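Residue-level structural notes
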Amino acid sequence: MTTVHTSSIKSLPLLARGKVRDNYAVGDDRILMVASDRLSAFDVIMGEPIPGKGEILTQMALWWFDRLGSLCPNHLTGDAPESVVAPDEVEQVRGRSMLVKRLKPIPVEAVVRGYLAGSGWKEYSENQAICGVSLPSGLRNAAQLPRPIFTPAAKAAAGAHDENISYDKVVEIVGPTLAQQIRDTSIAIYEAAASIALSKGMIIADTKFEFGLDESGALILMDEVLTPDSSRYWPIEGYEAALDSGSNPPSYDKQFVRDWLEATKINGKRWDKTPPAPRLPAEVIEKTAAKYREALERLTD
Ligand SMILES: Nc1ncnc2c1ncn2[C@@H]1O[C@H](COP(=O)(O)OP(=O)(O)OP(=O)(O)O)[C@@H](O)[C@H]1O
Ligand SMILES: [Mg+2]
């Protein structure tokens with residue numbers, strides 16, 4: 001397996017490098033999305049790759065796309081990514097790439113929450129609501145919500161944090177019909193996925209979807225789906241204990257790196273979460289890689 005921090009496909013024009021994916025144009029209607037082994041935490045890209053991560057993300061997203069097709073069409077073309085690069089570039093894309101339809105991205109992050117966690121918990125503690133959705137009082141950190149809620153965010157420019165927005169704001173951005181379709185589809189996909197994950201012993205606390213429009217204006221599910229980078233997965237064992245003690249359930253996302261980054265000191269000072277990030281020690285890299293592997297194995301076993 002080749003580890004790729006930054007891909008270099010010379011045979012295709014580079015469209016953009018995101019935090020994790022490098023996108024290349026394939027003609028004017030397709031994109032080769034190469035999931036690198038980069039890890040971003042607190043929206044800063046770490047200097048060290050996590051071996052296996054890009055491939056795990058891609059395999060997990062493909063596994064989900066395969067199961068969610070009846071709920072919403074997705075951006076996969078079905079063509080092999082290896083077929084559009086030069087022979088000496090195949091190693092860089094194998095297993096970690098998707099060849100997708102180039103869509104017009106909708107500038108809304110479609111977040112669905114089934115449980116209170118992270119920024120959702122923070123907002124709830126302050127307002128008893130998230131993104132304008134009011135919730136019952138007395139819920140604890142990590143508590144399951146009465147029903148999944150749609151808590152959209154505006155896609156931030158590179159380097160900035162996404163900003164939570166109200167449903168009305170989504171209506172303002174895309175119009176009422178599309179807003180409702182995005183909300184209903186997102187909740188339906190979350191519910192289907194959460195129930196499949198639960199049968200594998202994992203809770204999906206929350207997740208983020210991205211949608212685009214095709215040339216006929218149809219709503220298409222794009223980007224990655226239901227990976228540990230876009231979703232908060234909790235193993236069911238350990239969940240009740242965390243809920244009872246008010247702590248965060250152990251998760252398959254980047255919590256391990258985040259905790260290390262928050263605890264570590266460089267020259268006696270804590271990292272201020274601006275680039276460059278501290279160098280990740282080998283042990284942190286290996287533990288993080290193991291978490292990603294475990295999530296994929298558990299899901300697909
Ligand atoms: N089918 C598609 N058509 C057009 N753009 C897509 C498609 N699928 C995904 N994208 C875009 O490709 C990029 C994926 O890269 P990555 O996930 O690394 O970026 P990111 O850092 O999360 O995103 P960004 O910085 O753009 O918010 C995202 O900007 C996503 O919106
Ligand atoms: Mg992304």
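Residue positions are counted from 1 within each chain, in the order its sequence is given. Numbering of ligands from 1 and lettering of chains from A proceed in the order in which they are written. Residues qualify for local features only when their pLDDT is at least 70, as the model is predicted, and side-chain atom pairs are given and counted only at 80 or more; totals for whole chains, interfaces and linings, by contrast, use all residues. Derived side-chain values reflect all non-hydrogen atoms in the structure, with water molecules and hydrogen atoms excluded from consideration.

**A short note on the packing of helix α1 (residues 53-68) against helix α5 (residues 176-199)**
- Between α1 and α5, whose axes approach to 11 Å, the crossing angle comes to 115°. Classed by the angle they form, the pair α1 and α5 counts as roughly perpendicular. Crossing of α1 against α5: the hand is right-handed. Where α1 approaches α5, its residues W63, W64, R67 and L68 are matched on the opposing element by I189, A192, A193, I196 and A197.
- Classification convention: Asp, Glu, Lys, Arg as charged; Ala, Val, Leu, Ile, Met, Phe, Trp, Tyr, Cys, Pro as nonpolar; all other residues, Gly among them, as polar. Among the residues making up the contact of α1 with α5, the classes are represented as eight nonpolar, no polar and one charged. Between N-to-C directions, angles span 0 to 180 degrees; the directions come from axes that are lines fitted to C-alpha atoms, helices contributing only their stretch in contact. Here a strand is any run of E in DSSP of at least two residues, a helix any run of H or I of at least four, and the numbering for each starts at the N terminus. Orientation categories follow fixed angle ranges, with anything under 35 degrees roughly parallel, anything over 145 roughly antiparallel, 65 to 115 roughly perpendicular, and all other angles oblique. By convention, the crossing between two helices is left-handed when the near helix turns anticlockwise from the far helix through less than a right angle, and right-handed when the turn is clockwise. It only takes one pair of heavy atoms within 4.5 Å for two residues to be counted as in contact.

**Topic: the domain arrangement of the protein**
- Where a domain begins and ends is set by an automatic assignment or by a domain database. Structurally, the protein comprises domain 1 (14-102) and domain 2 (105-245).
- Taking the mean C-alpha position of each, domain 1 and domain 2 sit 22 Å from one another.
- Residue-level contacts link 20 residues of domain 1 with 24 residues of domain 2.
- Buried area, as used here, totals the accessible surface that two parts lose on assembly, with accessibility defined by a 1.4 Å probe and the loss added over both. When domain 1 packs against domain 2, close to 1,800 Å² is buried across both sides, 72% of that on carbon and sulfur atoms.
- The term salt bridge refers to a side-chain nitrogen of Lys or Arg lying within 4 Å of a carboxyl oxygen of Asp or Glu. For the pair domain 1 and domain 2, the interface holds two salt bridges.
- Here R21 and E224 are joined by a salt bridge, their closest N and O atoms 2.9 Å apart.
- Throughout this description, a polar contact denotes any pair of N or O atoms lying within 3.5 Å of each other; where both atoms belong to protein, one of them has to be capable of donating a hydrogen while the other can accept it, and for residues adjacent in sequence the pair is counted only when both atoms sit in side chains. Summed over the shared surface of domain 1 and domain 2, the result is seven residue pairs in polar contact (both at pLDDT 80 or more).
- Residue contributions to the side of domain 1 that touches domain 2 peak at nine residues, all from α1.
- Broken down by class, the residue content of the side of domain 1 that touches domain 2 amounts to 14 nonpolar, two polar and four charged.

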